[in-house]
Amino acid sequence: MTLTKDEAGQEGVDDSYAPSQRRIERERLKRARSRRATAIAAVSTLVTAVVLYLVVVNAPGWPRTKETFFSAQYAREAFPKVLEGLWLNVRLLFVCGAAVLVLGMLIAVARTLRGPVFFPLRVLAAAYTDFFRGLPLIINLMIVVLGVPALRLQGVTVDPVWLGGTALTLTYSAYVAEVFRAGIESVHPSQRAAARSLGLSNRQALRYVVLPQAVRRQVPPLLNDLVSLQKDTGLVSIGGAIDAVRAADIIVGRSLNYTPYIVAGLVFVALTIPMTRFTDWVTARMDRRRAQGGIA
């Protein structure tokens, strides 16, 4: 007869078992220490917030700053227009994010190809990542958004949204390619050798054995890159695209009040925080699995 894990565990436990007094006391002290630490943290946070508030509101220029940056009237005016423009940022995030992942994966695979015949491809992939990682994103955006229309190429769009998205994709794919390459190189060579011994070709070993492990290991840094991409979608406004930042800029230019910038910033923060917390949760989950001996 074979016992299940639960039945085996139940047989080894006496129903009359009671924890010792020492263990009860230890657990009580642990809970008390946890409550005390939570209370101290809450009090210190409250004191810090009050001190900062008093420093700000008692500053000589606070009344003027409040009127210029924290006007309820202009906040109500800007909020719906900023939200309308934010929809463009969200669409750019999804489209550019997908393009970045695909292009970054292709560049990473090109950099890890073996054999002398692939040397030119490896050089081109390395040159691409070196160039676009070194080129500031704002300059890349200006070159693409302002330079491409100046060429007057037939059949090439001059829409600042598409051009701005292209510039974002070019820059971020270089960063993501390095993330993927690090994941590919972190897979032990024995994994590829074992796949080859089972009859898989080099391409099949890469596709079915190496890449799944590499992507799984690099999920946290990939999510961090997507968080950064979400914020940088606001830079497409330099070409005239009406996104959240540009919508705020139009109101600021008309009213000379900077409250719309604060509204746009808070909207981006509200959009970024859930993605950041999700990234932290995924990272912590993978760390726990790795500490418990699970698959990385």
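Above: the structure in question.
Keep in mind that what you see is a predicted model, and the values were worked out from it rather than measured.

Asks: Quick question: what am I supposed to make of the pattern of salt bridges here?
Replies: Opposite charge on two side chains makes pairing possible when the charged atoms of those side chains draw close. Taken as a whole, this structure holds 10 salt bridges when the rule is applied. The residue Glu-67 makes a salt bridge to Arg-64 at a minimum N-O spacing of 3.6 Å. One end of the pair is Glu-67 and the other is Arg-64, both in helix H3 (residues 62–69) and 3 residues apart, which spans about a single turn. Residue Glu-178 pairs with Arg-133 through a salt bridge whose shortest N-O separation is 3.5 Å. Here Arg-133 lies in helix H5 (residues 119–134) and Glu-178 lies in helix H7 (residues 160–186), a separation of 45 residues in the sequence. By relative accessible area, Glu-178 is classed as buried at 15%. Three or more residues are tied together by salt bridges with common partners; here these are Arg-111, Arg-133, Glu-178, Arg-181 and Glu-185.

Asks: Would you mind going over H5 with me for this structure?
Replies: Helical geometry note: an α-helix holds 3.6 residues per turn, so side chains three or four residues apart project in the same direction. Here H5 spans 22 Å end to end across 16 residues, near enough to the 22 Å set by a 1.5 Å rise per residue. Taken together, the buried positions of H5 are occupied by Ala-125, Ala-126, Tyr-128, Thr-129 and Phe-132. Taken end-on, H5 shows its buried residues confined to a sector of 155°, consistent with a single buried face. In H5, the exposed residues that point more than 90 degrees away from the buried face are Leu-124, Asp-130 and Gly-134. Looking at the buried residues of H5, the elements they touch are helix H4 (72–112), helix H6 (137–151) and H7.

Asks: Just checking my understanding: could you explain helix H10 (residues 219–232) for this structure?
Replies: Taking 1.5 Å per residue, 14 residues should reach 20 Å; H10 reaches 20 Å between its end C-alpha atoms and fits that length. Those residues of H10 that sit buried are Pro-220, Leu-222, Leu-223, Asp-225, Val-227, Leu-229 and Gln-230. Close packing links the buried residues of H10 with H4, H7, helix H9 (202–217) and helix H12 (259–291).

Asks: Looking at this structure, I do not really get the packing of aromatic side chains. What am I missing?
Replies: Two descriptors summarise a pair of aromatic rings, namely the distance from one centre to the other and the angle between the planes of the rings. Counted by the stated rule, this structure contains 7 aromatic pairs. A centroid spacing of 4.7 Å and a plane angle of 50° characterise the contact between Tyr-128 and Phe-132, whose relative ring orientation is tilted. With Tyr-128 and Phe-132 both in helix H5 and 4 residues apart, this pair spans about one turn of that helix. When its relative accessible area of 18% is taken as the criterion, Tyr-128 is described as buried. With a centroid separation of 5.0 Å and 85° between ring planes, the pair formed by Phe-131 and Phe-132 is classed as edge-to-face. Judged by its relative accessible area of 49%, Phe-131 is partly exposed. Taking the relative accessible area as the measure of exposure, Phe-132 reaches 11% and is therefore buried. By way of ring pairs, the aromatic residues Phe-69, Tyr-258 and Tyr-261 are connected into one cluster.

Conventions and cut-offs
- Residues numbered from 1 in each chain as written.
- Predicted model: local features only at pLDDT ≥ 70, side-chain atom pairs only at ≥ 80, totals over all residues.
- Heavy atoms only, no water.
- Salt bridge = Lys/Arg side-chain N within 4 Å of Asp/Glu carboxyl O.
- Helix = DSSP H or I, 4+ residues; strand = E, 2+ residues; numbered from the N terminus.
- Buried < 20%, exposed > 50% of the residue type's maximum accessible area, 1.4 Å probe, protein only.
- Expected span 1.5 Å × (residues − 1).
- Arc of directions from axis to C-beta.
- Contact = heavy atoms within 4.5 Å.
- Phe/Tyr/Trp six-rings, centres within 6.5 Å; stacked < 30°, edge-to-face > 60°.

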